[in-house]
Every structure is written in C-alpha cells, then in structure tokens.
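Listed below are the residues making up each chain.
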Amino acid sequence: MLPKNFTINVFAFYTSPHYDATDIMKSDGMVNISVSKSFFDKKLRILILDMLERVEMSFKCILSHEITRIRNDNFWYTVDKNEYGDSEDKIKDIISGLKESKEIYIDHFYQKYPESEYPPAWIFFESMTFGECSLFVRNLGERERQVVAGSYKLSKAVINMFYHLSHLRNACAHHSRI
C-alpha cells in the first residue's frame, strides 16, 4: 500500500523498468519491489544530504578562513579578480544580491559599514551556494587550491570533487534518483 502523499510521478521512476513491451507490469511483486526501492532511495538521499551539509559548511569555512589567513586579507577575493576567470561576473552578481539580502548578519555588516563596497570573505562565501563555491575554487591560484585540498588531506588534483559533490547534493535535494 502506498502512502497518501506518495505521488504517481515519483513512483513511475521505480516501476518503469518492470514493464514489458506492451506496458503491462511483468509481475505483481514488482510493485512491492518498486516501493522498497523508492523508500531505500529516500533514506539514501537523507543520509547523503546530512553528510554533504557538513562538507559544504566546512568547505565554505576553509575558503573564507584559511585563504584569508594565508593571504592576510579579509577581502582577498576582490584583489585579483582576473585570477578567477569567469568568476568575476559571478562575484559582482553575488555582491549585488547581498545588498538586498534580509540575512541579519549581512544587514548588520552594511549598516555598520555602509561605505564598504565588499563584505569580508566569510560573509561572501557564506552567502554562496555550494555549487558557486565549487566553481570559484576551480579558479583559485595554486597555493590556495593546495590549502583547500590540504585541509581535507587530499591531493589538489581532486579539488574538482567539490563540483561533483554539489551536483550530488542538488540531485538529493530535488528528489532525483541516486
């Protein structure tokens, strides 16, 4: 028996492999198998989202705090804009969105420092999505990419994994099959 809020559209993803060429379900037991697969997938998505939430939070902290520490500049992301390739336009978009934000910490910053064009790195990265952060890190310099990778005890060659993790996070958040 399907729960009341279980939509047919979602269920169709799990049943479609069990139909034959004439659109007749191959066996009555396939409904139960499909329901079991959908519930397993839901539990898996919840576990993955829980894990990725922690990765995203630590990733943003490392981007803002560790790179700020090695560059000794709280506004380092504004200094070498051409270093970030196509991220420069994205930086402008994010900054303009921040000025209209209703987040308390962002509003407080602009009230206290109305003349500031840019917020400190921690506000900038906290306001970005996981996907935006993962794209931004691809354009960082060698030293900064090494710091990010080293914080996770990874080779800088796998720094692009954050991009793929952001896609996995979005798939889970939008109820896609995993």
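Check the entry above for the structure.
Residues numbered from 1 in each chain as written. Predicted model: local features only at pLDDT ≥ 70, side-chain atom pairs only at ≥ 80, totals over all residues. Heavy atoms only, no water.

### Concerning the side chain of T68
Piece 1. With respect to the element layout, T68 can be found in helix α2 (residues 29-71).
Piece 2. There is a polar contact of 2.4 Å between the side chain of T68 and the backbone oxygen of S64.
Piece 3. For T68, the residues in contact, after removing those within four places along its chain, are D73, N74, W76 and A121. (Helix = DSSP H or I, 4+ residues; strand = E, 2+ residues; numbered from the N terminus. Polar contact = N/O pair within 3.5 Å; in protein donor to acceptor, adjacent residues only side chain to side chain. Contact = heavy atoms within 4.5 Å.)

### So, helix α7 (residues 142-151)
Piece 1. Along α7, the residues classified as buried are E144, R145, V147, V148 and A149.
Piece 2. Just downstream of α7, K153 is the residue with a positive phi angle, here 60°. (Buried < 20%, exposed > 50% of the residue type's maximum accessible area, 1.4 Å probe, protein only.)

### Details of the pattern of salt bridges
When their charged atoms lie close together, side chains carrying opposite charge are able to pair.
Piece 1. Throughout the structure, instances matching the rule amount to five salt bridges.
Piece 2. Between D41 and R45 there is a salt bridge whose closest N-O contact spans 3.2 Å. Of the two residues, D41 and R45 both sit in helix α2, four residues apart, roughly one turn of that helix.
Piece 3. For D41, a relative accessible area of 5% gives the class buried. (Salt bridge = Lys/Arg side-chain N within 4 Å of Asp/Glu carboxyl O.)

### Some thoughts on unusual backbone geometry
Piece 1. The phi angle at K153 is positive, at roughly 60°, despite the residue not being glycine.
Piece 2. You can see K153 is positioned in the loop between α7 and α8 (161-173).
Piece 3. At H175, a residue that is not glycine, the phi angle is positive and equals roughly 60°.
Piece 4. Residue placement: H175 occurs in the segment after α8.
Piece 5. Residue H175 is classed as exposed on the basis of its relative accessible area, which comes to 56%.

### Remarks on the environment of L63
Piece 1. Its location among the elements puts L63 in helix α2.
Piece 2. Taking C-alpha positions, L63 is 9.4 Å from R145, a pair spaced 82 residues apart along the chain.
Piece 3. Apart from the residues within four sequence positions on either side, L63 is in contact with W76, F125, C133, V137, L140 and V148.

### Structural notes on the packing of aromatic side chains
Centre distance and the angle of the planes are the two values used to describe a pair of aromatic rings.
Piece 1. Per the counting criterion, the structure on display carries 15 aromatic pairs.
Piece 2. Here the aromatic rings of Y77 and Y118 are separated by 6.3 Å at their centres, their planes lie at 85°, and the arrangement is edge-to-face. With Y77 in the loop between α2 and α3 (87-98) and Y118 in the loop between α4 (104-112) and α5 (121-127), the pair connects residues that are 41 residues apart, well separated along the chain. With respect to class, Y77 is no different from Y118; both count as buried.
Piece 3. Considering the side-chain rings of Y77 and F124, the 4.0 Å spacing of their centres and the 10° angle between planes classify their relative orientation as stacked. With a gap of 47 residues between them, Y77 in the loop between α2 and α3 and F124 in helix α5 connect regions that are remote in the sequence.
Piece 4. On the basis of relative accessible area, Y77 is assigned to the buried category, the value being 0%. (Phe/Tyr/Trp six-rings, centres within 6.5 Å; stacked < 30°, edge-to-face > 60°.)

### Thoughts on the packing of helix α6 (residues 130-138) against α8
Packed helices, taken two at a time, are described by the angle between their axes plus the distance between the axes.
Piece 1. Contact geometry for α6 and α8: axes closest at 8 Å, N-to-C directions at 165°. As judged from the angle between their axes, α6 and α8 are roughly antiparallel. Handedness of the α6/α8 crossing: left-handed. In this structure, α6 contributes F130, G131, S134, L135 and R138 to the contact, and α8 contributes F162, Y163, L165, S166 and R169. (Axes fitted to C-alpha atoms, helices over the stretch in contact; angles between N-to-C directions. Parallel < 35°, antiparallel > 145°, perpendicular 65-115°, else oblique. Left-handed = near helix turned anticlockwise from the far one by under 90°.)

Treat this as a map of the structure, not an account of what it does.
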